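The lines below spell out each chain.
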Amino acid sequence: MFLIVSCDMKVCHNTNPIFDKYPIDSKEYTDELVTQISKSSLSTFEYCIEDYEAKNGKEYMLVRIQNDSVCAKMYLDVTNSNRMENFRKLKGKSYSGAELRGLTFQIQKDSSGHHFIFDDVKRIID
């Protein structure tokens, strides 16, 4: 019951075949996610922490992102974020299911696709 209260997001079902076909960190997936994000105002999205992952010397927060037309996940780079220091230190333990309100992030692009870099969050509802 605690998770239901802490991340009160509607159940979503992905209808985008790209999100089913490709891994979350692939160029195809991240390119499509940026396309979908650009079609809506950022304020229409809800974000929920799913997990922590460390790879290639970076630390990521796996986040579910959804609105009326998008149901996806993204790796949010929190490597250099002082704001998420506790999340990194605990490797995401006790954060699973927390809602991120007022989340802001940067989108960077390179030859491997788009990367989502944590900027700030107004509130973490744990």
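What comes next concerns the included structure.

Thresholds applied
- Residues numbered from 1 in each chain as written.
- Predicted model: local features only at pLDDT ≥ 70, side-chain atom pairs only at ≥ 80, totals over all residues.
- Heavy atoms only, no water.
- Salt bridge = Lys/Arg side-chain N within 4 Å of Asp/Glu carboxyl O.
- Helix = DSSP H or I, 4+ residues; strand = E, 2+ residues; numbered from the N terminus.
- Buried < 20%, exposed > 50% of the residue type's maximum accessible area, 1.4 Å probe, protein only.
- Pairing = 2+ DSSP bridges.

1. Considerations on the pattern of salt bridges
Inference 1: Following the criterion strictly, the structure yields eight salt bridges and no others.
Inference 2: When the shortest N-O distance is used, the salt bridge between Glu-50 and Arg-64 registers 3.2 Å. Highlighted residues: Glu-50 in strand β1 (residues 46–55) and Arg-64 in strand β2 (residues 58–66), separated in sequence by 14 residues.
Inference 3: Accessibility expressed as a relative area gives 25% for Glu-50, which makes it partly exposed.

2. Re the pairing of β2
Inference 1: Most of β2 is tucked away, with eight of its nine residues classed as buried.
Inference 2: Across nine bridges, β1 lies against β2 in antiparallel orientation. By the bridge assignment, Lys-55 is partnered in β2 with Lys-58.
Inference 3: With antiparallel pairing between neighbouring strands as the criterion, β1 and β2 make up a hairpin whose turn holds two residues, including Asn-56 at a positive phi of roughly 50°.
Inference 4: Note that β2 and strand β3 (residues 71–77) share seven bridges and pair antiparallel. Residue pairing across strands places Met-61 opposite Leu-76, the latter belonging to β3.

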